[in-house]
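Tertiary structure, described
These are the residues of each chain, in order.
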Amino acid sequence: MIKILKIGITLFIFVFLIWKFDLNFVAVYSQIKYSKYIFIGLLIPLLIQYISANRWKIFLRQIGIKESIWSLIKINCTSIFQGLILPSSQGYDIIRIYQIEKKHPENRGSASSTIIIERIIGFIVLCALGLIFSIFNRDLSNQKQVILIIGSISFALFILITLLLNKRLHAIIANKSFNNKYLQKFFSYFDKMYRAIAYFPYRKVLFSSVILILLFQLSTIICVYLIFKAYGFDIPLYQHISLYPIISILSMIPITISGFGIREGFFVYFYSHIGVPADIAIGVSLINYMIIVLTPAMIGGILYLLSIFKKEKTI
């Protein structure tokens, strides 16, 4: 029922966008003027997956898990493929947690913490980029509103980080016990994850991880920049750094399948502040999704099928 509801919300948002802006999807794609930028953009997912695997490897190493770059790329791609039907643009993280803990059952809880830590630092970098560039971006038609939105997200993130890193709060949770075995099992897992987050050696990895996360985020922003170039919109890179981080964060709200509809709506809203027509903004959003998500998902799908055939041969 939840899946049906999320599919319904996704379709409703798309129908609303089509009705509101009188969209013609054939026209959206026919307006692409310089397809060479699309082909250049297709190289970016390969770079992103390499950066992402290196970033994750740094965190895993700190809790005693050793994995090769190729192994982590494989987990990332197959998780994106399997997570396409999950809510939020980052729903595939659930599959990543399942896969890494399946390979390392002795690290249940602590392994999942690396993905959460990765996301937290990623959010910080995104918020910092969006806030700094929005403050100095005088070309935004509604600059104060954009700054208020990214500022509110940053404040909420600060509260969340404060709670997650609070060792006293962890001590309170760790002492909880329940008569229900399923509830006790859940809290036992949660305690391991919370402990790993609260006591993680951030200072050892902060510099290298922030550099890699910054490269990761800038790569995704450059992809959006190239797609706009394909449509003939030569928007300065600093404009994208002002707007895309907000869109990226808000698209993680888990109310539609794979973030569809809500992501396109935010593209329309925020890029309208610099005069981008709605149909172009939606076209860019969809093509960006195809490049950044569907390209590694296709690779993941192939790897997933190959693993199934390999298992069948060994049986």
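The following paragraphs examine the structure supplied in this document. (Residues numbered from 1 in each chain as written. Predicted model: local features only at pLDDT ≥ 70, side-chain atom pairs only at ≥ 80, totals over all residues. Heavy atoms only, no water.)

For helix 8 (residues 143-164), which comprises 22 residues, the first-to-last C-alpha distance of 31 Å matches the rise-based estimate of 32 Å (1.5 Å per residue) to within 8%. Within helix 8, burial applies to Gln-143, Val-146, Ile-150, Ile-153, Leu-157, Ile-161 and Leu-164. Buried positions in helix 8, seen along its axis, are confined to an arc of 110° and lie on one side of it. Turned more than 90 degrees from where helix 8 packs its buried face, Lys-144, Leu-148, Phe-155 and Phe-158 sit exposed. The secondary structure elements touched by the buried residues of helix 8 are helix 7 (110-136), helix 10 (181-198), helix 12 (237-250) and helix 13 (262-271). (Helix = DSSP H or I, 4+ residues; strand = E, 2+ residues; numbered from the N terminus. Expected span 1.5 Å × (residues − 1). Buried < 20%, exposed > 50% of the residue type's maximum accessible area, 1.4 Å probe, protein only. Arc of directions from axis to C-beta. Contact = heavy atoms within 4.5 Å.)

We now examine the packing of helix 9 (residues 167-174) against helix 10. Contact pair helix 9 / helix 10: the axes reach a minimum separation of 10 Å and the direction vectors enclose 160°. As the angle between them shows, helix 9 and helix 10 are arranged roughly antiparallel. Here the hand of the crossing between helix 9 and helix 10 comes out left-handed. Between helix 9, through Lys-167, Leu-169, His-170, Ile-173 and Ala-174, and helix 10, the contact on the second element is made entirely by Phe-187, Phe-190, Asp-191, Tyr-194, Arg-195 and Ala-198. Within the contact of helix 9 with helix 10, the residues separate by chemical class into seven nonpolar, one polar and three charged. (Axes fitted to C-alpha atoms, helices over the stretch in contact; angles between N-to-C directions. Parallel < 35°, antiparallel > 145°, perpendicular 65-115°, else oblique. Left-handed = near helix turned anticlockwise from the far one by under 90°. Nonpolar A, V, L, I, M, F, W, Y, C, P; charged D, E, K, R; others polar.)

A cluster of basic residues, Arg-108, Lys-181, Lys-185 and Lys-192, forms a positive patch on the protein surface. By secondary structure assignment, the location of Arg-108 is in the loop between helix 6 (93-103) and helix 7. (Patch = residues over 30% accessible without salt bridge, like charges linked within 9 Å, V, L, I, M, F, W, Y side chains within 5 Å. Areas by Shrake-Rupley, 256 points an atom, 1.4 Å probe, with all protein chains shown as cover. Salt bridge = Lys/Arg side-chain N within 4 Å of Asp/Glu carboxyl O. Lys, Arg positive; Asp, Glu negative; His and termini not counted. Charge placed at Lys NZ, Arg CZ, Asp CG, Glu CD.)

The next point concerns the environment of Cys-223. Looking at the secondary structure, you find Cys-223 in helix 11 (residues 202-230). When its relative accessible area of 0% is taken as the criterion, Cys-223 is described as buried. On a C-alpha basis, the gap between Cys-223 and Val-284 in space is 9.8 Å, while along the polypeptide they are 61 residues apart. Among all residues touching Cys-223, those that are not within four sequence positions of it are Gly-41, Ile-44, Asn-288, Ile-291 and Ile-292.

Formed by 60 residues in total, the largest nonpolar core has its most connected members in Ile-227, Phe-228, Phe-267, Phe-270, Tyr-271 and Val-284. No other element matches helix 11, which puts eleven residues into this core. Ignoring sequence-local partners within four residues, the contact set of Phe-270 consists of Val-146, Ile-149, Leu-243, Ile-246, Ile-247 and Leu-250. Within the second largest apolar cluster, twelve residues are counted, among which are Leu-72, Ile-75, Cys-77 and Ile-115. (Core = buried A, V, L, I, M, F, W, Y, C linked by side-chain atoms within 4.5 Å.)

This model, assessed by the stated rule, comprises 13 aromatic pairs. With centroids separated by 5.9 Å and ring planes inclined at 45°, the aromatic side chains of Phe-81 and Tyr-304 adopt a geometry described as tilted. With Phe-81 in helix 5 (residues 69-82) and Tyr-304 in helix 14 (residues 278-314), this residue pair connects regions lying 223 residues apart in the sequence. The class for Tyr-304 is partly exposed, based on a relative accessible area of 32%. Grouping aromatic residues by their ring pairs yields a cluster made of Phe-186, Phe-187, Phe-190 and Tyr-194. Sitting over the ring of Trp-56, Arg-96 keeps its end group 4.3 Å from the ring centre. (Phe/Tyr/Trp six-rings, centres within 6.5 Å; stacked < 30°, edge-to-face > 60°. Lys NZ or Arg CZ within 6 Å of the ring centre and 35° of its normal.)

In this section: helix 6. Among the residues of helix 6, Asp-93, Ile-95, Arg-96, Gln-99, Ile-100 and Glu-101 are the ones counted as buried. Where the residues of helix 6 are buried, they touch helix 4 (44-62), helix 5, helix 7 and helix 10.

Residue position: Asn-288 is located in helix 14. Judged by its relative accessible area of 4%, Asn-288 falls in the buried class. Residues contacting Asn-288, with those up to four places away along its chain left out, are Thr-220, Cys-223, Val-224, Ile-227, Tyr-244 and Val-293.

Take the pattern of salt bridges next. Tallied over the entire structure, the rule returns seven salt bridges. Among the salt bridges present, the one from Glu-67 reaches Lys-103, with a minimum N-O distance of 3.0 Å. With Glu-67 in the loop between helix 4 and helix 5 and Lys-103 in helix 6, this pair connects stretches of sequence that are 36 residues apart. Taking relative accessible area as the criterion, Lys-103 reaches 44% and is therefore assigned partly exposed. Residue Asp-234 is joined to Lys-229 by a salt bridge in which the shortest nitrogen-to-oxygen separation is 3.6 Å. Classification of Asp-234 by relative accessible area gives exposed; the value is 54%.

Turning to the packing of helix 7 against helix 10, a few remarks are in order. For the pair helix 7 and helix 10, interaxial distance at closest approach is 8 Å and the crossing angle is 50°. Relative to helix 10, the element helix 7 lies oblique. In terms of crossing hand, the pair formed by helix 7 and helix 10 is right-handed. Contacts between helix 7 and helix 10 pair Ser-110, Ser-112, Ser-113, Ile-116 and Ile-117 from the former with Tyr-189, Lys-192, Met-193, Ala-196 and Ile-197 from the latter.

Turning our attention to the environment of Ile-95. You can see Ile-95 is positioned in helix 6. Through-space distance from the C-alpha of Ile-95 to that of Phe-81 is 9.6 Å; in sequence the pair is 14 residues apart. The residues contacting Ile-95, other than those within four sequence positions of it, are Ser-79, Gln-82, Gly-83 and Leu-86.

From the geometry alone we can't say anything about function, so treat these as descriptive.
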